[in-house]
Amino acid sequence: MRAWKNNLFFMNPAISLQQVSKAYTERANGPHNRGLALEHIHIDIMPGEFFVLLGPSGCGKSTLLRIMSGLDVSYEGSVAFGEEASLSRISFVFQQFALFPWLTVFENVELALIARNVSAEARVEKVKNELKLLGLEKSAHAYPRELSGGMRQRVGIARALVTDPRVIFMDEPFSELDSFTAVQLRKELLDIWQKRRPTVVMVTHIITEAIELADRIAVLTQRPGKIKKTFTNSLPRPRHQRSEPFWRLEDELYETLKQ
Amino acid sequence: MTKGHRLNIYETRRHLFFTVGIIMVPFVFLLLFSQAFQIPSHRLFFDVLISFSRLAVAYVIAATAGWVLAVSFYRGRRAVIALPIFDVLQSLPVFAVMPFAVFFWGASNFTVIFFLVLAIVWPVFFSIISSMKLVKHDWNEAAQILGLSGFQYIARFLFPVSVPGFITGSIIGLGDGWEALVATEIIVGMRTGMGNFFQSYSHDPAVTSFGVLGFLILIFAINKAVWIPLLDKSHARMEE
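Residues numbered from 1 in each chain as written. Chains lettered and ligands numbered in written order. Predicted model: local features only at pLDDT ≥ 70, side-chain atom pairs only at ≥ 80, totals over all residues.

## What to know about the overall build of chain A
Secondary structure assignment for chain A yields eight helices and nine strands. Taking 18 Å as the expected radius of gyration for a compact globule of 259 residues, we find that chain A reaches 19 Å, a close match to that expectation. Once local pairs closer than 6 in sequence are excluded, the contacts in chain A between residues at least 24 apart make up 72%. (Helix = DSSP H or I, 4+ residues; strand = E, 2+ residues; numbered from the N terminus. Rg over C-alpha atoms; globule rule 2.2 N^0.38 Å. Contact = placed C-beta atoms within 7 Å.)

## Observations regarding the packing of helix H7 (residues 150–188) of chain B against helix H9 (residues 205–238) of chain B
All names here are of chain B. Between H7 and H9, the least distance of the axes is 8 Å, while the angle of their chain directions is 160°. Compared by their axis directions, H7 and H9 come out roughly antiparallel. Of the two elements, H7 crosses H9, and the hand of that crossing is left-handed. Along the contact surface, H7 presents Val-163, Pro-164, Ile-167, Thr-168, Ser-170, Ile-171 and Trp-178, while H9 presents Ile-219, Trp-227, Leu-230, Leu-231, Ser-234, His-235 and Met-238. Residue classes in the contact of H7 with H9 are distributed as ten nonpolar, four polar and no charged. (Axes fitted to C-alpha atoms, helices over the stretch in contact; angles between N-to-C directions. Parallel < 35°, antiparallel > 145°, perpendicular 65-115°, else oblique. Left-handed = near helix turned anticlockwise from the far one by under 90°. Nonpolar A, V, L, I, M, F, W, Y, C, P; charged D, E, K, R; others polar.)

## As for the interface of chain B and chain A
Contacts between chain B and chain A engage 20 residues on the former and 24 residues on the latter. Breaking the side of chain B that touches chain A down by element, the ones donating at least two residues are helix H6 (137–146), H7 and H9 of chain B. A per-element tally of the side of chain B that touches chain A places H6(B) first, with seven residues. For the side of chain B that touches chain A, the residue count by class is eight nonpolar, five polar and seven charged.

## Some points on the nonpolar core
Formed by 115 residues in total, the largest nonpolar core has its most connected members in A:Val52, A:Leu54, A:Ala158, A:Phe169, A:Val201, B:Leu116 and B:Ile120. Counting residues per element, this core draws most heavily on helix H5 (residues 109–133) of chain B, which supplies 16 residues. Discounting chain neighbours no more than four positions away, the residues touching A:Val201 are A:Ile45, A:Phe51, A:Leu65, A:Met68, A:Val167 and A:Phe169. (Core = buried A, V, L, I, M, F, W, Y, C linked by C-beta atoms within 7 Å. Buried ≥ 20, exposed ≤ 12 C-beta atoms within 10 Å, placed from the backbone.)

## A closer look at the environment of B:Pro205
Tracing the sequence through the fold places B:Pro205 in helix H9. C-alpha separation for the pair B:Pro205 and B:Val80, spaced 125 residues apart in sequence, amounts to 50 Å.

## Focus on the packing of helix H1 (residues 13–36) of chain B against helix H2 (residues 41–73) of chain B
Relative placement of two packed helices is described by the angle separating their axes and the distance separating the axes. Residues and elements named next belong to chain B. H2 packs onto H1 with a crossing angle of 135° between their chain directions and a minimal axis gap of 9 Å. On the basis of their axis angle, the class for H1 and H2 is oblique. Like other packed secondary-structure pairs, H1 and H2 cross with a definite hand, here right-handed. The residues of H2 that touch H1, namely those facing Leu-30, Leu-31 and Ser-34, are Ser-41, Leu-44, Phe-45 and Val-48. Of the residues that constitute the contact of H1 with H2, the class distribution is five nonpolar, two polar and no charged.

## Looking at the environment of B:Phe125
The topology assignment puts B:Phe125 in helix H5. Linking B:Phe125 and B:Tyr74, residues 51 residues apart in sequence, is a C-alpha distance of 9.7 Å.

## Section: the sheet that holds strand E9 (residues 227–232) of chain A
All names here are of chain A. Read from one edge to the other, the open sheet built from six strands follows the order E5-E6-E7-E3-E8-E9, with strand pairing classed as mixed. Edge positions in the sheet fall to strand E5 (90–93) and E9, since each of these pairs with one other strand and no more. Averaged over all pairs of adjacent strands, the angle between strand axes in this sheet comes to 15°, irrespective of strand direction. Sheet topology note: the strand E3 (residues 50–54)/strand E8 (residues 216–220) ladder contains four bridges and is parallel. Note on E8: the bridge partner recorded for Phe-51 is Arg-216. Across the sheet, helix H8 (residues 244–258) touches E3, E8 and E9, and the angle it forms with E8 is around 25°. (Pairing = 2+ DSSP bridges.)

## Notes on the pairing of E5(A)
All names here are of chain A. Every second residue of E5 is oriented toward a common face, with Ile-90 and Phe-92 on one face and Ser-91 and Val-93 on the other, all of them buried. Pairing analysis gives four bridges linking E5 to strand E6 (residues 167–171), with the strands arranged parallel. Residue pairing in the sheet places Ser-91 in a bridge with Ile-168 of E6.

## Observations regarding helix H5 (residues 149–161) of chain A
Residues and elements named next belong to chain A. In this model H5 runs 18 Å from its N-terminal to its C-terminal C-alpha over 13 residues, within 8% of the 18 Å that 1.5 Å per residue would give. The set of residues buried in H5 consists of Met-151, Arg-152, Gln-153, Arg-154, Val-155, Gly-156, Ile-157, Ala-158, Arg-159, Ala-160 and Leu-161. The elements touched by buried residues of H5 are E5, helix H3 (105–115), helix H4 (120–133), E6 and helix H6 (179–196). (Expected span 1.5 Å × (residues − 1).)

Pasting the structure below:
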């Protein structure tokens, strides 16, 4: 673990954002009234890092995630991917799952492999592995509407993992779940991340979630979103919410968000 | 393990038998009708069949054209430019140009099918557009992240999300089509088909009344057997 962290200094970033700004048009105040959603964002995210964007609702953190993932291309500045990562090796976990209701669990997970022209035999094996990993084998032929929120997000995560991506973007992936399910799923996500080491960029507004998962936490200001401060989280894993270092960091993040 | 069904629009065997029974009703009715009024049954069935075939051909053309137009113009700059144009086009009084069309193409199947296509295509087109405008933004983003493009994007994303609108548009379009069918056949002066049948018996109110009743039973049976189960199934598949 320590060796991996030391190596970070010699690595090229997996994703590098330079002076990223995003403007939007305030229609209510006339067509020419432009506001700023994001202003001069500069971030370097290292390969294999678990990076969290933390900020209040409406600060532009989801917009920033969409810019990084290529879903939003109307911005100023630059977003560059490192050698391993590229737009074809990314995946995304959505807040409200974004599963296709006309496909079964198996077919939802398989779709990304079909799009990458993976052979039928290899697809079946890969999908089965991911479903097994996330405890979804018995629901393979169910439709998303037949599943609970927690199960649906498991499908969303399986779909994101099946292509073996180098970067996974996660937009508040646990916010639609009950707290018990969210705790369980965070733990499983962390296990998977520690085994496979993709770069994870996650958005959340929940401080404890950020501390539990992240290597680094970037706190965003209210709109226009700017990086107020980036915290390095070196607490040993597993992180216990009742430990003193945990709540000290929690207080620090809370104060930074409040300012 | 729950098994996934692809095109099982009939929920139970009983539902299937009931549906088959409903399909039989118009045939039995037409047979009794022809016997009661001493109409040659082969003529009656032939007229129904020929009209049905014209409508079926027109529907296939209109449904294909409506779907292609809808998925090509449902969003972006193309939609901003094209949708008002299509809106004006669908309001054109097509029957006004019918004498002109008959003058050029004569009393032919082509003329009838051409006007039926114009009657069916717009409900199909606008229903698909409406269905696709309701597609969740997240789904579009997921399709983009998954890397769906070209044919895969059309077949695995655009087609499924267009199905509920396609079915609704088909029901409305075919309703308009049935209505236009008899009128078009009469105005064009076709020698075969239901238009010709009603024209031939225009002096006989009983035959006309029972003919209209048979016509309604046929439409009801087709809707009950095919379109309503398809509509229910297509909406159920989109439920989250």
